[in-house]
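Chain by chain, the residues run as shown.
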Amino acid sequence: MKYVDEYRNKRLIDKVAREIRSVADKGRFYNIMEVCGTHTMNIFRFGLRDLLPSNIRLMSGPGCPVCVTPNEFIDKAIWLGGLKGVIIATFGDMFRVPGSYSSLEKEKAAGCDVRMVYSSMDALDIARKNPEREVVFLGVGFETTSPTVAQSILAARKDEIGNFSVLSGHKTMPEALRSLVRGSRLNIGGFLLPGHVSVIIGKRPYEFLSKSYKKRCVIAGFEPLDILEAILMLITQKRPAIEIQYTRVTGKSGNPIARRAMEKVFDKKASLWRGIGKIKDSGLVIKDNFSDFDAEKRFSPKIKRPKENKGCICGDVLQGVKTPLDCGLFGKACNPENPVGSCMVSTEGTCAAYYKYRGKGNG
Amino acid sequence: MGKEKILLSHGSGGKLMHNLIDTLFLKELGNEISRKKNDSAVINIGNKKIAFTTDSYVVNPIFFPGGDIGSLAIHGTVNDLAVCGARPLYISLGMIIEEGLDMDILKRITASIKAASKRSGIKVVTGDMKVVEKGSCDKIFINSSGIGELYYRGLSTDNIKAGDAIIINGGIGEHAISVLSKREGIRFSSAVKSDSAPLSALITKILKASGKVRLMRDPTRGGVATTLNEIVKDGKFGVSIDEKSIPVKRGVREACELLGFDPLYLACEGRVLIVVAKEDAKKVVNVMKKDALGRDARIIGRIIKEHKARVCLNTSLGGRRIVDMLSGEQLPRIC
């Protein structure tokens, strides 16, 4: 398959892995955070940790949108789904995520109309085809997803589709990383930054990482060869900078059209990250002049006080401070059939990666 | 009690379904035959050994590239009998039809059943039909039961030995992707057709060629990953499979990359996993390759002493990872 096979070529991968081993300074310890959940998954899926020398340590970061979505958001979605005539349209990943008291999967079994879609545009189609119903799309994701959601709101306005709205849980990546490096809990030497976020935002919003915090950063693609090449670039970076490994899709300045759509529809606001807390300017809320399409304003969800399972350490896992193996619930009370935290359900979740590819953490 | 509800995940073929079968159905209804949990029950009638199986089909959409709900019902039942070493003989069909279904659709499905049963050499000998109010089912659901005569004895997980080879007859995940792409209206560069097909003739050839076939299973719901986990579930052995050797067609790979599925978990409806003594493996593959349904046959792994009750995958990059049973449901109503 073009653009995939080349990046999974064993000969090339072995070559880069050899080079990493030969240039890595044996007297040094490299702490690298792979920010994105897709990086984490592929590192496990392809067994990349085994190819690295022991002084290169990879830590998983907060870049899994489902994982950082607070229970409050799921609770609101469930409340909305309970309203008469409402169809909840969501990416499949959110379906099994536990909220404070239930999950969309369980509510669907109890009669709630929950539909899985691959794009917010599909949700808009459902609204078009069901004019007598209200369609609420669950907007979750970083800069990779929010432009298309913005686009669907713009399309809804243009086509006068009045029965479509979005519950926005969108978040932005750079602000989360600012909060992460400001807290002194971790000694992160460098970041593998999510390539697809930069397809939209480019590299400029990350420049504070190298300039103010002296962090080495490489914007990386997602295939095994991408990830290894980015690690090689990171450990050989002369002085802290933001480099792009994923040049075949990501340019320095990102995609201005997508950003304009986002800016048209969303305002930045403080946002709650599950297990991490409130981060300034890290959320995207729908602007007042699009409030017709804002499920929050349109229906004012009334939910019980959200609660988190006290034993769940997702927050620390998302910040790279702990691994799932440090969690007392992992593989016992928390497993893919009965997830306690979203990190166990999301296809990009660190706990899901450990569970799936390491066999309940014993491997 | 009282609050728990049946979720779509309970029907996925994965862990939740297995738990439910064990803790409810087998607990209440189990006996020495059903507890073996084979694709068909093997029962004695007089001095004959008979294989007996049942399955229900709720696939959505009812027509998909490479098949439809009618042919699927025949193939599925035929295959459940065939993998137990039985010659499929007779089948029953129970149809639950939604009020308002176009008569032409029912005629098309019936024609497809006719062609599929002829090809499979099985006779539809009895049936039942119910019509329910609009909305009480989705177009048409079919239940089928089949019986066959056992001609090859000793297919059982008890016979598995370390070193045995694991063979598959072709590419994986084609049925699931065919149904999914039709349902969601997604097109890939090379169209994926369902692999739905009757395997009885191919299996007869295999069992003629080797007396050392230990076990066969058709990897339907939950895919190859779940079926292999079931094979070593009792904990005596493990399975090692090689990613490189597992046939995955281009369209399936593309769909999986795009949608984030692992082909190992996708349902097949015309594939069989064969566990056979190492020394007979090549012979079996060669026989299979001569049959249209086994043209892409190959050895994908082996039974190992280590990693008991686990399925290990050697990745194409030289790493190793665990392949667990499916948990949760991503693709409901695939068969």
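Residues numbered from 1 in each chain as written. Chains lettered and ligands numbered in written order. Predicted model: local features only at pLDDT ≥ 70, side-chain atom pairs only at ≥ 80, totals over all residues.

Asker: Mind laying out the overall build of chain A, listing which residues take part and the relevant values?
Answerer: Within chain A, the regular secondary structure consists of 14 helices and eleven strands. Radius of gyration (C-alpha) of chain A: 21 Å, near the 21 Å computed for a compact globule of 363 residues. With respect to the three principal axes, the spread of C-alpha positions in chain A is 65 × 45 × 40 Å. Taken over 363 residues, chain A has a buried fraction of 53%. Within chain A, contacts between residues separated by at least 24 positions form 77% of all contacts whose residues are at least 6 apart in sequence. (Helix = DSSP H or I, 4+ residues; strand = E, 2+ residues; numbered from the N terminus. Rg over C-alpha atoms; globule rule 2.2 N^0.38 Å. Buried ≥ 20, exposed ≤ 12 C-beta atoms within 10 Å, placed from the backbone. Contact = placed C-beta atoms within 7 Å.)

Asker: Tell me about the domain arrangement of chain A, and please be specific about residues and values.
Answerer: Residue and element names in this part refer to chain A. Considered domain by domain, chain A is made up of domain 1 (1-309) and domain 2 (314-358). Each of domain 1 and domain 2 has a C-alpha centre, and the two are 17 Å apart. Taken residue by residue, the interface counts 27 residues in domain 1 and 19 residues in domain 2. Elements that contribute at least two residues to the side of domain 1 that touches domain 2 include exactly α2 (37-45) and β2 (56-63). No other element matches the six residues that α2 contributes to the side of domain 1 that touches domain 2. In terms of residue class, the side of domain 1 that touches domain 2 is built from 14 nonpolar, eight polar and five charged. (Domains from an automatic or database assignment. Nonpolar A, V, L, I, M, F, W, Y, C, P; charged D, E, K, R; others polar.)

Asker: Could you give an account of the packing of helix α5 (residues 200-209) of chain B against helix α8 (residues 278-289) of chain B, naming the residues involved and the relevant values?
Answerer: All names here are of chain B. Viewed as axis vectors pointing N to C, α5 and α8 meet at an angle of 145°, and their least axial separation amounts to 9 Å. Viewed along their axes, α5 and α8 form a crossing whose handedness is right-handed. Between α5 and α8, the residues in contact are Leu202, Lys205, Ile206 and Ala209 and Lys283, Val284, Val287 and Met288, respectively. Classifying every residue of the contact of α5 with α8 gives six nonpolar, no polar and two charged. (Axes fitted to C-alpha atoms, helices over the stretch in contact; angles between N-to-C directions. Left-handed = near helix turned anticlockwise from the far one by under 90°.)

Asker: Go over α2 of chain A, please, and point to the residues and values.
Answerer: All names here are of chain A. Buried residues dominate α2, accounting for eight of its nine residues. For α2, the set of buried residues is Gly37, Thr38, His39, Thr40, Met41, Asn42, Ile43 and Phe44. Packed against the buried residues of α2 are β1 (30-36), β2, β7 (190-194), β8 (216-220), α10 (224-235) and α14 (350-358). Trailing α2 by a residue or two, Gly47 shows a phi angle of about 65°, which is positive.

Asker: Let's hear about the domain arrangement of chain B: which residues, and what values?
Answerer: Residue and element names in this part refer to chain B. Split into domains, chain B comes out as domain 1 (38-150) and domain 2 (158-322). Centre-to-centre separation of domain 1 and domain 2, based on C-alpha positions: 23 Å. In this assembly, 24 residues from domain 1 lie in contact with 22 residues from domain 2. At the level of secondary structure, the elements contributing two or more residues to the side of domain 1 that touches domain 2 comprise α2 (69-82), β5 (86-98) and α3 (103-120). No other element matches the eight residues that α2 contributes to the side of domain 1 that touches domain 2.

Asker: How would you explain unusual backbone geometry if you had to name every residue and give the values?
Answerer: Cis geometry marks the peptide bond from Asn60 of chain B to Pro61 of chain B; its omega dihedral reads 5°. Examined against the element boundaries, Pro61 of chain B turns out to sit in the loop between β2 (48-57) and β3 (63-64). Residues other than glycine seldom take positive phi values, yet Lys214 of chain A does so here, at roughly 55°. Along the chain, Lys214 of chain A turns up in the loop between α9 (207-211) and β8. For Ala309 of chain B, which is not glycine, the phi torsion reads 65° and is therefore positive.

Asker: Got a sec to walk through α3 of chain B? Specific residues and values, please.
Answerer: All names here are of chain B. If you check α3, its first and last C-alpha atoms are 26 Å apart, about what 18 residues at 1.5 Å a residue would give, namely 26 Å. For α3, the full list of buried residues reads Ile109, Ser112, Ile113, Ala116, Ser117 and Ser120. Taken around the axis of α3, the buried residues stretch over an arc of 130°, which confines them to a single face. For α3, exposure combined with an orientation more than 90 degrees from the buried face picks out Met103, Asp104, Lys107 and Lys118. Just beyond α3, the residue with positive phi is Gly121, at close to 70°. (Expected span 1.5 Å × (residues − 1). Arc of directions from axis to C-beta.)

Asker: Can you explain the sheet that holds β2 of chain A? Please cite residues and give values.
Answerer: Residue and element names in this part refer to chain A. Strand order in the open sheet formed by five strands is β2-β1-β7-β8-β9, with parallel pairing between adjacent strands. With one partner strand each, in any of the chains shown, β2 and β9 (242-244) form the two edges of the open sheet. Averaged over all adjacent pairs, the angle separating strand axes in this sheet is 25°, with direction ignored. The pairing of β1 with β7 spans three bridges and is classified as parallel. Within the sheet, the bridge partner assigned to Met33 lies in β7 and is Phe191. Against the sheet, helix α7 (residues 173-182) makes contact with β1, β2 and β7, and its axis sits at roughly 125° relative to β2, the strand it touches most. (Pairing = 2+ DSSP bridges.)

Asker: An account of the pairing of β8 of chain A is requested, with residue identities and associated values reported.
Answerer: Residues and elements named next belong to chain A. In terms of residue burial, β8 counts as a mostly covered element, since five of its five residues are buried. Both faces of β8 are covered, namely the face carrying Arg216, Val218 and Ala220 and the face carrying Cys217 and Ile219. For β7 and β8, the ladder comprises five bridges, and the chain directions are parallel. Bridged to Phe191 within β8 is Cys217. By the bridge criterion, three bridges tie β8 to β9 in an arrangement that is parallel. By the bridge assignment, Ile219 is partnered in β9 with Ile244.

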